[in-house]
Amino acid sequence: MEKRYITVAGDSVRVEANWRAITAFLRSVGRDNLQGISDMAQLPPSDMAPLMAACLNEGERLDGKEVRFTAEWIEENCGLAEVSGFITEFLYQMTPKLPAEQTKKD
């Protein structure tokens, strides 16, 4: 599995958009459906900070570091550059990838 990082408040932080991060996000916003997760245009802007916190915390956990991010911390310390970087990495990880042998050659 490829590890993906973004810079947050001057630190390189791993982004991990796995099932554990998604369920942590859903619990944090009190929702039990995936509406908006697969289509970022449908995700309410107020959900961005908790989603980002959940994915960064999962990356920190997998790197053996202390979980430290909250939605409030993200809102206070991250600007559009960090959020844009997160969205790029989140979408990259959420896009299905086909094994090379399954791709059609012209």
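Before reading on, note that the structure itself is shown above.
Parameters and conventions
- Residues numbered from 1 in each chain as written.
- Predicted model: local features only at pLDDT ≥ 70, side-chain atom pairs only at ≥ 80, totals over all residues.
- Heavy atoms only, no water.
- Phe/Tyr/Trp six-rings, centres within 6.5 Å; stacked < 30°, edge-to-face > 60°.
- Buried < 20%, exposed > 50% of the residue type's maximum accessible area, 1.4 Å probe, protein only.
- Helix = DSSP H or I, 4+ residues; strand = E, 2+ residues; numbered from the N terminus.
- Lys NZ or Arg CZ within 6 Å of the ring centre and 35° of its normal.

Observations concerning the packing of aromatic side chains
The tally for this structure, following the rule as stated, stands at two aromatic pairs. Ring geometry for F69 versus W73: centroids 5.0 Å apart, planes at 65 degrees, classification edge-to-face. With relative accessibility at 5%, the residue F69 sits in the buried group. Judged by centre distance (5.7 Å) and plane angle (40 degrees), the rings of F86 and F90 are tilted. You can see F86 and its partner F90 sitting in helix α4 (residues 80-94), four residues apart, about one turn around the helix. For the pair F86 and F90, one class covers both residues: buried. A cation over an aromatic ring shows up here: R4 above the ring of Y92, its NZ or CZ 3.8 Å from the ring centre.

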